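# Survey of secondary and tertiary structure
This is what each chain is made of:
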Amino acid sequence: MKVVLFCGGYGMRMRNGTSDDVPKPMAMVGPRPLIWHVMRYYAHYGHTEFILCLGYGAHHIKDFFLNYEETTSNDFVLRGGRTELLSTDISDWTITFAQTGIESPIGERLRRVRHHLDGDEMFLANYADVLTDAPLDEMIDRFAARDAGASMMVVPPQSSFHCVELGEDGLVGGITAVADMPLWENGGYFVLRQEVFDHIPENGDLVADGCSGLAKEGRLAAYQHRGFWKPTDTVKERAALDEAYARGDRPWAVWERDNAGVGA
């Protein structure tokens, strides 16, 4: 299946300064940017056709792939001054780079790359800045077996705050951690059918318009995931992932886990 990645937003909470025009998906986690980790995740499950919805800082993403250095994350032999790779990341990837506007909402970005989907009944979509260990094959199989127009992965609330129940007298009746409430958040991993386009108007949004419209018709499915899921909305969150990578704690790298022991 083709994978649409939304990687054209400003990512203001990740800004290091006013002159920093690097888009959020290009923030580094270990030796590779976030978008690479997301794409490597999809490729591990056999989905290697990517459509990148570019916008802000697009040249950074283009330059990364146009000048991709395989030796950064692959073993190799240097023989006679020539590099012989022992493995490769992206040799079987097909990547379409599509400029979808600087200010475009997510839904509009999706509309602008619809022709690149070749009319495929089902396709995948992602914000390109969230990492997870969710079993993608299971997520897809469940959706394929259902009569629905879209499926979104949902996760428990990540907030560390507490909600307070107030009575009319102003006294607190109870305190509940947000994480313990029967709520679910949008996890940013989507499996979609062409039907979603029927609900996204010009300059519309994927979730507020597309998914909400399908939900009203009872045609939006959810995949509940309680495992590893981490966003990178802030510099602190990205730094935490980078530190985890450095100490070898990277559950999102399912390609490492599932290949462990191969050739041993």
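Our subject is the structure that appears above.
Since the model is a prediction, treat every value here as computed from it, not as a measurement.

The next point concerns a nonpolar patch on the surface. A surface patch of nonpolar side chains, amounting to about 400 Å² of accessible area, comprises Val 164, Leu 166, Val 172 and Ile 175. When contributions to the nonpolar patch are tallied by element, the ones reaching two or more residues are β11 (162–166) and β12 (172–177). Among the secondary structure elements, Val 172 is positioned in strand β12.

Take the pairing of β11 next. When a strand is regular, its side chains alternate between the sheet's two faces. When β11 meets β12, the two strands line up antiparallel, connected through 5 bridges. Across the sheet, residue Val 164 finds its bridge partner in β12, namely Ile 175. Counted between consecutive antiparallel strands, the loop separating β11 from β12 contains 5 residues, among which Gly 170 sits at a positive phi close to 85°.

In this fold, Thr 48 is placed in the loop between α1 (34–44) and β4 (49–54). Reaching out from Thr 48, the side chain makes a polar contact with the backbone oxygen of Asp 92 at a distance of 3.5 Å. Residues in contact with Thr 48, not counting those within four places in the same chain, are Ala 43, Asp 92, Trp 93 and Thr 94.

Next up on the list: the layout of surface pockets. To find the voids left in a structure, one rolls a probe of water-molecule size over its atoms. The calculated volume of the largest pocket comes to roughly 430 Å³. Residue lining of the largest pocket: 22 residues in total, with Phe 6, Lys 24, Ile 106, Tyr 127 and Asp 129 positioned closest to the centre. Secondary-structure elements contributing two or more residues to the lining of the largest pocket are β1 (2–7), α3 (106–112), β13 (185–193) and β15 (229–231). Among the elements that make up the lining of the largest pocket, the one with the highest residue count is β13 (3 residues). Classifying every residue of the lining of the largest pocket gives 11 nonpolar, 7 polar and 4 charged.

Time to look at the sheet that holds strand β10 (residues 150–155). Pairing is mixed across the open sheet formed by 7 strands, whose spatial order is β7-β4-β1-β8-β13-β10-β14. Each end of this open sheet is capped by a strand with a single partner; those strands are β7 (94–99) and β14 (220–224). Recorded for the sheet is a direction-independent mean angle of 25° between the axes of neighbouring strands. Pairing geometry for β1 and β4, over 6 bridges, is parallel. Paired with Leu 5 across the strands is Leu 52, a residue of β4. Packed on one face of the sheet, helix α4 (residues 136–144) meets β8 (122–126), β10, β13 and β14 and runs near 55° to β13.

Rules and cut-offs
Residues numbered from 1 in each chain as written. Predicted model: local features only at pLDDT ≥ 70, side-chain atom pairs only at ≥ 80, totals over all residues. Heavy atoms only, no water. Patch = residues over 30% accessible without salt bridge, like charges linked within 9 Å, V, L, I, M, F, W, Y side chains within 5 Å. Areas by Shrake-Rupley, 256 points an atom, 1.4 Å probe, with all protein chains shown as cover. Salt bridge = Lys/Arg side-chain N within 4 Å of Asp/Glu carboxyl O. Helix = DSSP H or I, 4+ residues; strand = E, 2+ residues; numbered from the N terminus. Pairing = 2+ DSSP bridges. Polar contact = N/O pair within 3.5 Å; in protein donor to acceptor, adjacent residues only side chain to side chain. Contact = heavy atoms within 4.5 Å. 1 Å grid on protein atoms, 1.4 Å probe; cavity = no way out; pocket = protein on both sides within 12 Å on 5 of 7 lines; lining within 4 Å. Points joined across faces, edges and corners; volume = space filled by probe spheres on them. Nonpolar A, V, L, I, M, F, W, Y, C, P; charged D, E, K, R; others polar. Axes fitted to C-alpha atoms, helices over the stretch in contact; angles between N-to-C directions.

Fair warning: the whole summary comes from geometry, so function is off the table for now.
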